[in-house]
Amino acid sequence: MGIGTILRKIEEALEHSYKPHGYSNKAYDLALLVYCVGGANLLHALNQCMCIPSLCSIHNNISFPHISAGCTTLRGVTLLTDEIALEQATVYFPLSNSVGGLCWKHAHLADPVFNTHGSATQIASKLSLGEVHLAKEMTFVIAHCCGEDETYPLLTVPSCKEEDHADWEKLLEKVIDTWYSNDTHKNIGPLWSFAGHKILMQHQLDESSQLYAILSNLPGINQYTRKHEVTLDFNYKHVFKSKFIFVATISPQ
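Taking an unreviewed UniProt entry as the reference, the protein chain is identified by name as Unplaced genomic scaffold scaffold_1079, whole genome shotgun sequence belonging to Paxillus rubicundulus Ve08.2h10.

For the rest of this paragraph, the subject is the pairing of strand 6 (residues 191-195). Within strand 6, four of the five residues are buried, leaving the element largely enclosed by the surrounding structure. As paired strands, strand 1 (residues 77-85) and strand 6 are joined by three bridges and run parallel to one another. The residue of strand 6 that forms the bridge with Val77 is Leu191. For strand 6 and strand 9 (residues 231-233), the ladder comprises three bridges, and the chain directions are parallel. When the bridges of strand 9 are listed, Ser193 appears paired with Thr231.

This next bit is on the packing of aromatic side chains. In this structure the tally under the stated criterion is three aromatic pairs. For the ring pair Tyr23 and Tyr28, a centre distance of 5.8 Å and an interplane angle of 75° mean the geometry is edge-to-face.

A separate point is the sheet that holds strand 4 (residues 137-145). Strand order across the open sheet formed by five strands is 5-4-1-6-9, with mixed pairing between neighbours. Whereas interior strands pair on both sides, the edge strands pair on one side only; in this sheet they are strand 5 (151-159) and strand 9. Put simply, the sheet's adjacent strands are angled 25° from each other on average, direction ignored. This element, helix 5 (residues 165-181), spans strand 1, strand 4, strand 5 and strand 6 of the sheet and lies at about 150° to strand 5.

Here we come to the pattern of salt bridges. For the coordinates displayed, the defined rule picks out four salt bridges. With a closest N to O distance of 3.1 Å, Lys126 and Glu131 form a salt bridge. The class of Lys126 is buried, set by a relative accessible area of 16%. Residue Glu131 is classed as partly exposed on the basis of its relative accessible area of 34%. Notably, a salt bridge pairs Lys161 with Glu137, separated by 3.1 Å at the nearest N-O pair. A residue pair is termed long-range when its members are at least 10 positions apart, and Lys161 in the loop between strand 5 and helix 5 and Glu137 in strand 4 qualify at 24 residues.

What follows covers unusual backbone geometry. With phi around 60°, Cys51 is a residue other than glycine that occupies positive phi space. Assignment of secondary structure puts Cys51 in the loop between helix 2 (25-50) and helix 3 (55-61). You will see that Asn97, though not glycine, has its phi angle at about 50°, which is positive. Mapping Asn97 onto the fold places it in the loop between strand 2 (91-93) and strand 3 (98-100).

Parameters at a glance
Residues numbered from 1 in each chain as written. Predicted model: local features only at pLDDT ≥ 70, side-chain atom pairs only at ≥ 80, totals over all residues. Heavy atoms only, no water. Buried < 20%, exposed > 50% of the residue type's maximum accessible area, 1.4 Å probe, protein only. Helix = DSSP H or I, 4+ residues; strand = E, 2+ residues; numbered from the N terminus. Pairing = 2+ DSSP bridges. Phe/Tyr/Trp six-rings, centres within 6.5 Å; stacked < 30°, edge-to-face > 60°. Axes fitted to C-alpha atoms, helices over the stretch in contact; angles between N-to-C directions. Contact = heavy atoms within 4.5 Å. Salt bridge = Lys/Arg side-chain N within 4 Å of Asp/Glu carboxyl O.

Rendered as structure tokens:
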């Protein structure tokens, strides 16, 4: 439509001889169908030759539901673990009427709920006999989603430092299995890696795996994973510390 045509339409509108008509719902439905099937280019062509609503008219007159892509995007997740020192002391939780601060390995030997006065004396007796211990450290497991700065705590367990590798294997396996049994991998994302342990070296990658296609061309790379292709990760601070201690031990005084 040229400038002259536009000016004539304005003059006709002022003289009340030009009465533009809006589009019907049927016309909008047709334009929307054309846009969904053929895209914006086809809609533009039919708008010029058939005078159906344009893409701009569709957006101005039809409400579209807005769905955020971030709500449905799955991301790779890395599980991290570390420890922090604790003050060795019991703590009372009023809401559950129970005591905390006991180590997770032996806490099952004492009932933490204060049902009677005897419950408190039983806990004190088991602590004095060494059957139950006060926690020295808090071990925690957190999740980090690829592309985010935040971390999300998954598990915290008080430790007396008497656990062996079998105890930690069961704990780590429980965390991984719970992630998949609760379908968290479908809502958040699959586990990509976990801080190092031998339970993450149970299965060699199959050649049909997408991960194998990435790692197979890297000489010397570890191709063993756990179920669900969870790979082994390292805390390099601990690696450097262990190497330093080893070198210091064998070095002559």
